[in-house]
Amino acid sequence: MMDDERDLTPKDVLAELDRYIVGQHAAKRMVAVALRNRWRRRHVDGPLKDEITPKNILMIGPTGVGKTEIARRLARLARAPFVKVEASKYTEVGYVGRDVEGMIRDLVEFSVNMVKAEEGVKVSAKAKANAEDRVLDALYGQHEDVRAEPRDVLRQRVQAGLLDDRPLRIDVTDTSSPMMSIFSNAGMEEVGMQLQDMLGNSMPKTTRQRQSTVKEALPVFEADERERLLDPDKVNKTALDRAQNSGIVFIDEMDKVAGREGQHGPEVSREGVQRDLLPIIEGTQVTTKYGVVHTDHILFIAAGAFHVSKVSDLIPEMQGRFPIRVELTSLNREDFGRILREPDNSLLKQYQALLATEGVTLRFEDDGIDMIAEVAAELNSRFENIGARRLHTVMEKVLEEVSFHAPDIAGQSIPITAAYVKERLGDILKDEDLSRYIL
């Protein structure tokens, strides 16, 4: 983990998650402890350190109750590489599908981009100065009227934006390279692997000339200079270490691959998927273009509704790799009310910010919020229970008129009361067949 994470106690993590996710206290406690245990392992001395493996977590609960959001917020809080995959996208060898090792390659790619961004901040001042130098060279070479100006004076004009519209011919790196299809054990599949990825730096980079302006050229040159100033070996080494020791892989829809031997049809491939996933979760080596990654200390968080299938339908080996299990509860009317009011990024605040750009002020009254929560809870009980996602559909319908007419009512303040919500949703709630399609 990052050095500054020594202060992230489980209480701190729980408090931070509470800012964005309502309820699900048990699940948030579990991931907070898991995060702290990873920090503890990194500070264990001696050979025992390598023997301590993460206690992977299995979250059980219906859709829309916060499983993915908990994992995503945890990774963001920990500044850890994070990737989300769906178990149902993979199939066992012999069926068309994705290679399970792809999730680890995606994790490493995420980690590399994260480290590049962090290192890029450190060299941004130098990269910006180098980019300005390249623009100045291009101006002196392509525009006669500026050649008599001192370089520092011309730089000041560029920095002030006085030459933004001056045309320039610039050389840019050609990032396009031929795609290729390869044969894998599952047959022919497009792996999206470019020749540049396969051969690394052994392939020469080509450049092409394009017409630009000073304003357009500056960010292009700055990005190019930032890339030049980075030490690729250091970036790759740091990224690999972070992916191996801090990475979090969230495997959704685990219940979709729950199945045992002796079944027929599509069920046949389900155990195969589990057995393909097992080595990755247990700990193995995966070869990536940045180096070999050991998955022993990556934290895996699996999730699934497990409505039809049960956790016991997973093969015993897979059950053993997820020793921590936590059940997330369905959301009720009170939960919906809290979701609308409490989180820092609540839907109410999002809609208020959106319509404020048009000069429209939304005032959500308490009775209006309670009515929206009640409608969402009722619809979830009458139809499919899609959790907090139901609030999105209800809110869109409630604010449809305001959103449509917003440019024409700039400067107005619109109160969202219980009466207003009933007026917007009344006909739909009465007509059960209609509400099935609209909400």
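Residues numbered from 1 in each chain as written. Predicted model: local features only at pLDDT ≥ 70, side-chain atom pairs only at ≥ 80, totals over all residues. Heavy atoms only, no water.

Trainee: Lay out helix H1 (residues 10-18) with the relevant residues and their values.
Mentor: Along H1, the residues classified as buried are Val13, Leu14 and Leu17. Seen from one end, H1 has its buried residues packed into an arc of 100°, which puts them on one side. Looking at the buried side of H1, the elements it contacts are helix H2 (25-42) and helix H4 (67-78). (Buried < 20%, exposed > 50% of the residue type's maximum accessible area, 1.4 Å probe, protein only. Helix = DSSP H or I, 4+ residues; strand = E, 2+ residues; numbered from the N terminus. Arc of directions from axis to C-beta. Contact = heavy atoms within 4.5 Å.)

Trainee: Explain the pairing of strand S13 (residues 413-416) residue by residue, including any values.
Mentor: In S13, alternate side chains face the same way, and those of Ile414 and Ile416 are buried while those of Ser413 and Pro415 on the opposite face are not. Sheet analysis places strand S12 (residues 361-364) next to S13, joined by four bridges and oriented parallel. Paired with Leu362 across the strands is Ile414, a residue of S13. (Pairing = 2+ DSSP bridges.)

Trainee: Explain the packing of aromatic side chains residue by residue, including any values.
Mentor: The full count for this structure, using the stated rule, is zero aromatic pairs. Residue placement shows Arg36 over the ring face of Trp39; its charged tip is 4.1 Å from the ring centre. Above the face of the Tyr20 ring, Arg73 is positioned so that its terminal group lies 3.9 Å from the ring centre. (Phe/Tyr/Trp six-rings, centres within 6.5 Å; stacked < 30°, edge-to-face > 60°. Lys NZ or Arg CZ within 6 Å of the ring centre and 35° of its normal.)

Trainee: So what about the pairing of strand S9 (residues 291-294)? Which residues, and what values?
Mentor: Pairing between strand S8 (residues 285-288) and S9: four bridges, direction antiparallel. Across the sheet, residue Gln285 finds its bridge partner in S9, namely His294. Linking S8 back to S9 in an antiparallel pair, the connection comprises two residues.

Trainee: Give a detailed account of the packing of helix H13 (residues 333-341) against helix H15 (residues 366-382), specifying residues and quantitative values.
Mentor: Axis separation between H13 and H15 bottoms out at 8 Å; the angle between their running directions is 130°. The angle between H13 and H15 falls in the class oblique. Judged by the twist between their axes, the crossing of H13 over H15 is right-handed. Contact residues: H13 offers Arg333, Phe336, Gly337, Leu340 and Arg341, while H15 offers Asp366, Ile369, Asp370, Ile372, Ala373, Glu374, Ala376, Ala377 and Asn380. A class-by-class count of the residues in the contact of H13 with H15 yields seven nonpolar, two polar and five charged. (Axes fitted to C-alpha atoms, helices over the stretch in contact; angles between N-to-C directions. Parallel < 35°, antiparallel > 145°, perpendicular 65-115°, else oblique. Left-handed = near helix turned anticlockwise from the far one by under 90°. Nonpolar A, V, L, I, M, F, W, Y, C, P; charged D, E, K, R; others polar.)

Trainee: Tell me what's going on with the nonpolar core, and back it up with residues and numbers.
Mentor: Counting residues in hydrophobic clusters, the biggest one holds 62 residues, and the most contacted among them are Met59, Ile301, Leu362, Met395 and Ile416. At eight residues, the largest contribution of residues to this core is made by H15. When residues no more than four places from it in sequence are discounted, the contact partners of Met395 are Leu340, Leu347, Leu348, Tyr351, Phe364 and Ile372. (Core = buried A, V, L, I, M, F, W, Y, C linked by side-chain atoms within 4.5 Å.)

Trainee: Got a sec to walk through the sheet that holds strand S7 (residues 248-252)? Specific residues and values, please.
Mentor: Ordered in space as S2-S7-S10-S1-S11, the five strands form an open sheet in which the pairing is parallel. Whereas interior strands pair on both sides, the edge strands pair on one side only; in this sheet they are strand S2 (82-86) and strand S11 (324-327). On average, adjacent strands in this sheet sit at an angle of 20° to one another, irrespective of strand direction. As judged from the four bridges shared by strand S1 (residues 57-60) and S11, these two strands associate in the parallel manner. Across the sheet, Ile60 pairs through a bridge with Glu327, a residue of S11.

Trainee: Can you break down the side chain of Lys28 residue by residue, with the values?
Mentor: In this structure, Lys28 sits in helix H2. The class of Lys28 is buried, set by a relative accessible area of 1%. Separated by 2.8 Å, the side chain of Lys28 and the backbone oxygen of Ile21 make a polar contact. If we ignore the near neighbours within four places in the chain, the residues touching Lys28 are Leu14, Leu17, Asp18, Ile21, Val22, Gly23 and Ile70. (Polar contact = N/O pair within 3.5 Å; in protein donor to acceptor, adjacent residues only side chain to side chain.)

Trainee: Got a sec to walk through the environment of Arg333? Specific residues and values, please.
Mentor: Note on placement: Arg333 falls in helix H13. Beyond its immediate chain neighbours, meaning those up to four positions away, Arg333 contacts Asp370, Ala373, Glu374 and Ala377.

Trainee: Tell me about the pattern of salt bridges, and please be specific about residues and values.
Mentor: Summed over the entire model, instances satisfying the criterion amount to 38 salt bridges. Two residues, Arg151 and Asp133, come together in a salt bridge whose shortest N-O distance is 3.8 Å. Residue Arg151 is found in helix H7 (residues 151-159), and its partner Asp133 is found in helix H6 (residues 124-142); the two are separated by 18 residues along the sequence. Given the relative accessible area of 25%, Asp133 is considered partly exposed. With its nearest N and O atoms 3.9 Å apart, the salt bridge here joins Glu334 to Arg333. Overall, the relative accessible area of 48% leaves Glu334 in the partly exposed class. Using a relative accessible area of 36% as the deciding quantity, one classes Arg333 as partly exposed. Taken together, the shared-partner salt bridges connect Glu132, Asp133, Asp137, Arg151 and Arg155 into one network. (Salt bridge = Lys/Arg side-chain N within 4 Å of Asp/Glu carboxyl O.)

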